[in-house]
Amino acid sequence: MLLNRICLVLATVFWFAHALHASDGDTTRTRQSKELGLGVSALYSATTMKAKAYFIGDNVGTPQLENTPGFSAGFYYNFYAGRKLIVRPGVEAVLLPVTIAYQTEIDYVTRQRIFPTTLELPLTILYSSYRIDAFPRPKGRPEYGIGLRPVVAVKTLSDAQPVMRTNNLNLDAVVGFPVGSAKSVMRVELFYSYGLFNLIGEDNNYKTRSITSLYRHFGGLRLIFH
């Protein structure tokens, strides 16, 4: 159900962007449409975990975290606050399939996925000298930003164990560079997202009980096309 809502939100924003770009008779609306951007990101997980040993019969093991690459796609909109600040809300669908490995028998390992798909709502404040609607446009200079990122996990796509909390909040740090042309702007950004909350839940199953803390961090390279 939540995955369907994610698809509906992204489809609605895409339709809105298309409708704005399709309006060629109103120069004001065409200019405003350039503040809406489509973004794609290459990600790598930096999730951290603390765990203790578990016992299954005579076998003793410790959970092992396996960070992996991933990607995301979303939409962003620029609101200007003064001449140097951009307030940029966004909506992203993030695929980051981190797993935890458990050795349950000799030479046998089982892997559990922890929230491979999430809906994320980043709100970023950028210090920037580049306004898309400015004329003449300034030369591109580095942009710096910080932000908050509420996260909602698609629980139905995650394994039942270990038990995880569904909601999270991340802090984002961004360094980017705008590249402008006569008709569009592309932003190239490096970013890091730091998870604030311990996501491990409570359960008597050894896959949950053996983990004392788990924090979801990640970094990546983002391209935004206006």
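Caption draft 1: View of the environment of Val-174. One can find Val-174 in strand β14 (residues 167-180). Assessed through its relative accessible area of 4%, Val-174 is described here as buried. C-alpha of Val-174 to C-alpha of Glu-143: the two residues are 31 residues apart in sequence and 7.9 Å apart in space. When residues no more than four places from it in sequence are discounted, the contact partners of Val-174 are Thr-124, Leu-126, Glu-143, Tyr-144, Gly-145, Glu-189, Leu-190, Phe-191 and Arg-222.

Caption draft 2: Quick look at a positive patch on the surface. Positive charge collects at one region of the surface, where Arg-83, Lys-84, Lys-139 and Arg-141 lie side by side. Considering the arrangement of structural elements, one finds Lys-139 in the loop between β12 (123-127) and β13 (143-153).

Caption draft 3: Spotlight on the nonpolar core. Core analysis: the biggest nonpolar cluster contains 21 residues, and Met-164 and Leu-214 have the highest contact counts within it. Every element with two or more residues in this core is listed here: β8 (85-95), β9 (99-105) and β16 (211-215). What Met-164 contacts, discounting residues up to four positions off in sequence, is Ile-114, Phe-115, Leu-199, Ile-200, Gly-201 and Leu-214.

Caption draft 4: Representation of the environment of Gly-57. Counting through the fold element by element, Gly-57 comes out in the loop between β3 (54-56) and β4 (59-61). In this structure the C-alpha to C-alpha distance between Gly-57 and Glu-105, which are 48 residues apart in sequence, comes to 9.3 Å.

Caption draft 5: Structural context of the sheet that holds strand β5 (residues 64-66). Strands sit in the order β5-β9-β10 across an open sheet of three strands; the sheet is antiparallel. If you trace the sheet from one side to the other, it starts and ends with β5 and β10 (108-113), each paired once. For this sheet the average axis-to-axis angle between neighbouring strands, irrespective of direction, equals 35°. Summarising the sheet, β5 and β9 pair through three bridges and their orientation is antiparallel. By the bridge assignment, Glu-66 is partnered in β9 with Thr-99.

Caption draft 6: Structural context of the pattern of salt bridges. The final tally for this structure, using the stated rule, is 10 salt bridges. The partner of Arg-111 in a salt bridge is Glu-66, with the nearest N and O atoms 2.9 Å apart. In this pair, Arg-111 is assigned in strand β10 and Glu-66 in strand β5, connecting sequence segments 45 residues apart. Residue Arg-111 is classed as partly exposed on the basis of its relative accessible area, which comes to 48%. Given the relative accessible area of 25%, Glu-66 is considered partly exposed. For the salt bridge of Arg-149 with Asp-172, the shortest nitrogen-to-oxygen distance reads 2.8 Å. With Arg-149 in strand β13 and Asp-172 in strand β14, this residue pair connects regions lying 23 residues apart in the sequence.

The rules behind these values
For every chain, the first residue of the written sequence is number 1, and numbering continues from 1 along that sequence. With pLDDT at 70 or above as the cut-off, local features in this predicted model cover only qualifying residues; side-chain atom pairs require 80 or more to be listed or tallied, and sums for whole chains, interfaces and linings still use all residues. Note: side-chain values were computed over all heavy atoms of the structure, leaving out hydrogens and water. Here a helix means four or more residues in a row that DSSP labels H or I, a strand means two or more in a row labelled E, and each is numbered from the N terminus. Buried, partly exposed and exposed residues are distinguished by accessible area as a fraction of the type maximum, computed with a 1.4 Å probe on protein chains only: under 20%, between the cut-offs, and over 50%, respectively. Whether two residues touch is decided by their heavy atoms; if any such pair falls within 4.5 Å, the residues are in contact. Patch criteria: residues need more than 30% relative accessible area and no salt bridge. Like-charged residues are merged within 9 Å; nonpolar side chains of Val, Leu, Ile, Met, Phe, Trp and Tyr are merged within 5 Å. For the area figures, the Shrake-Rupley method with a 1.4 Å probe applies, and any residue is considered shielded solely by the protein chains shown. Here, a salt bridge means any Lys or Arg side-chain nitrogen found within 4 Å of an Asp or Glu carboxyl oxygen. Residues counted as positive are Lys and Arg, residues counted as negative are Asp and Glu, and His and the chain ends are not counted. One atom stands in for each charge, and that atom is NZ of Lys, CZ of Arg, CG of Asp or CD of Glu. Within this scheme, the nonpolar core is defined by two criteria: the residues are buried Ala, Val, Leu, Ile, Met, Phe, Trp, Tyr or Cys, and they are joined through side-chain atoms within 4.5 Å. Paired strands are those between which DSSP finds at least two bridges. Note on method: axes are straight lines fitted to C-alpha atoms, helices fitted across the in-contact stretch only, with angles between N-to-C directions ranging 0 to 180 degrees.

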